[in-house]
Amino acid sequence: GREDSVLLVVADGMGGHSAGEVASGIAVETFSQTFLLSEKDLPAAKLWDALEGANREVGSAIERDPDKLEGMGTTLVAVLIRGARFQWISVGDSLLFRIRDGGAERLNAAHIWAHVLDEEARNGKITANEAMEDSRRTTLNSALIGEPIFDVDDSDEAALLPGDILVVATDGLEVLGDEELATLCSELSGSPASRMAEGMLDAVKAKEKSNQDNSTVIVFKVPGGAK
């Protein structure tokens, strides 16, 4: 309903290549359409409507073809930009970064077991060594799998400043590290957003990391920054 509004959505499927692709495709399409058709008044309520709709549709797809799709799921991070304000909702470990004043700050939570285990270690429930050696550390503890969602990260509206850059990506981008991501954005700050995204993907490939997670990147540049 506003010409200055943008919705950014990234999903990263799991459950094998083909099933993961199905899950992420369903999530992005259903989330976007549900958001646009939602009759809720508040943007935050529309985002929640869209997330729940995407989760239900993933579950429905599994029920229709359990032999091929049982166990599939997907992460999702969505960012709503309205003029100079933005907010997000996310499940899983896909990334949302804000690049500002030469630094990169991750804005959304990562729903992986490492955080739960580290918290249990801090509270004395397990030892630090047990937390580090637990095989679940890098496993998701929340995702869209068609069942009740265990954990969701959502935000209030926040301000965007001229020159801010938002990066929405799958977890494959993590191989760069925050400092390297910020440096790359600074070096490409005069380039279009599409070129910045290409530069990030090129940098990921240059790492030549074995078993590299897939990388999908959206870059949004707020107008008005230094040239």
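The model shown is predicted, which means the values in this text are computed figures rather than measured ones. Note that residues are indexed from 1 along each chain, following the sequence as it is written. Thresholds applied to this predicted model are a pLDDT of at least 70 for local features of residues and 80 or more for the giving and counting of side-chain atom pairs; totals over whole chains, interfaces and linings are not thresholded and use all residues. In computing side-chain properties, one takes all heavy atoms of the structure into account and sets aside hydrogens as well as water.

1. Observations regarding the overall build of the protein chain
Working step 1: Only runs of H or I of at least four residues qualify as helices and only runs of E of at least two qualify as strands under DSSP, and these elements are numbered from the N terminus. Within the protein chain, the secondary structure is distributed over 7 helices and 9 strands.
Working step 2: Here the C-alpha atoms of the protein chain give a radius of gyration of 18 Å, agreeing with the 17 Å that 2.2 N^0.38 yields for 227 residues.
Working step 3: For the protein chain, the C-alpha atoms occupy an extent of roughly 50 × 45 × 35 Å along the three principal directions.
Working step 4: In the protein chain, which comprises 227 residues, the share counted as buried stands at 43%.
Working step 5: Using a 1.4 Å probe, the Shrake-Rupley method yields the accessible areas, and only the shown protein chains count as cover for residues. As displayed, the protein chain offers around 12,100 Å² of accessible surface, 49% of which is attributable to carbon and sulfur atoms.
Working step 6: Charge assignment: positive for Lys and Arg, negative for Asp and Glu; neither His nor the chain ends contribute. Charge positions come from single atoms, namely NZ of Lys, CZ of Arg, CG of Asp or CD of Glu. Of the charged side chains in the protein chain, 21 are positive and 40 negative; the average position of the first set lies 4 Å away from that of the second. Both definitions apply: the radius of gyration is a C-alpha atom measure, and the globule rule equals 2.2 Å times residues to the power 0.38. Only protein chains enter the accessibility calculation, which uses a 1.4 Å probe; a residue is then buried when its area is under 20% of its type maximum, exposed when over 50%, and partly exposed in between.

2. Remarks on the sheet that holds strand E9 (residues 217-221)
Strand pairing in a sheet takes place through backbone hydrogen bonds and is either antiparallel or parallel in direction.
Working step 1: We call two strands paired when DSSP finds no fewer than two bridges between them. Read from one edge of the open sheet, 4 strands run E5-E4-E8-E9, paired in antiparallel fashion. Looking at which strands have only one partner, the edges of the open sheet turn out to be strand E5 (103-106) and E9. With direction set aside, neighbouring strand axes in the sheet form an average angle of 20 degrees.
Working step 2: Where strand E4 (residues 95-100) meets strand E8 (residues 165-169), 5 bridges bridge the pair, whose relative direction is antiparallel. Pairing of Phe 97 across the sheet is with Val 167, part of E8.
Working step 3: Packing against the sheet, helix H7 (residues 193-206) makes contact with E8 and E9, and its axis sits at approximately 140 degrees to E9. Helix axes are fitted to C-alpha atoms over the stretch in contact, other axes to C-alpha atoms as well, and angles between N-to-C directions run from 0 to 180 degrees. Every residue pair with non-hydrogen atoms within 4.5 Å of one another is taken to be in contact.

3. Quick notes on the pairing of strand E2 (residues 73-82)
Working step 1: Among the 10 residues of E2, 9 are classified as buried, and the element is accordingly described as predominantly covered.
Working step 2: Bridge count for strand E1 (residues 5-14) against E2 is 10 bridges, and the pairing is antiparallel. Following the sheet pairing, Met 14 is matched in E2 by Gly 73.
Working step 3: Following E2, the chain reverses through 2 residues before pairing antiparallel with strand E3 (residues 85-91); Gly 83 in that reversal takes a positive phi of roughly 65 degrees.

4. Examining empty space enclosed by the protein
Working step 1: Buried and open spaces are told apart on a 1 Å grid over the protein atoms alone, a cavity being a set of points where a 1.4 Å probe fits but cannot get out and a pocket being an open set with protein on both sides within 12 Å along at least five of seven lines. Residues with an atom within 4 Å of a point are the lining residues. Grid points are joined across faces, edges and corners, and a volume is the space filled by probe spheres set on the points. The final tally for this structure, using the stated rule, is 1 cavity of 30 Å³ or more.
Working step 2: Looking at the largest cavity, its volume works out to about 30 Å³.
Working step 3: As for the largest cavity, its lining consists of Ala 44, Leu 47, Trp 48, Gln 87, Trp 88, Ile 89, Asp 154 and Ser 155.
Working step 4: When contributions to the lining of the largest cavity are tallied by element, the ones reaching two or more residues are helix H2 (43-64) and E3.
Working step 5: The residue inventory of the lining of the largest cavity, partitioned by class, reads 5 nonpolar, 2 polar and 1 charged. Any residue outside Ala, Val, Leu, Ile, Met, Phe, Trp, Tyr, Cys, Pro, Asp, Glu, Lys and Arg is labelled polar, Gly included; the first ten of those are nonpolar and the last four are charged.

5. A word on unusual backbone geometry
Working step 1: One non-glycine residue with positive phi stands out, namely Asp 101, at about 55 degrees.
Working step 2: Mapped onto the elements of the fold, Asp 101 is located in the loop between E4 and E5.
Working step 3: In this model, Glu 208 sits at a positive phi of 50 degrees, which is unusual for a non-glycine residue.
Working step 4: Mapped onto the elements of the fold, Glu 208 is located in the loop between H7 and E9.
Working step 5: Assessed through its relative accessible area of 71%, Glu 208 is described here as exposed.

Distances and angles like these do not, on their own, reveal function.
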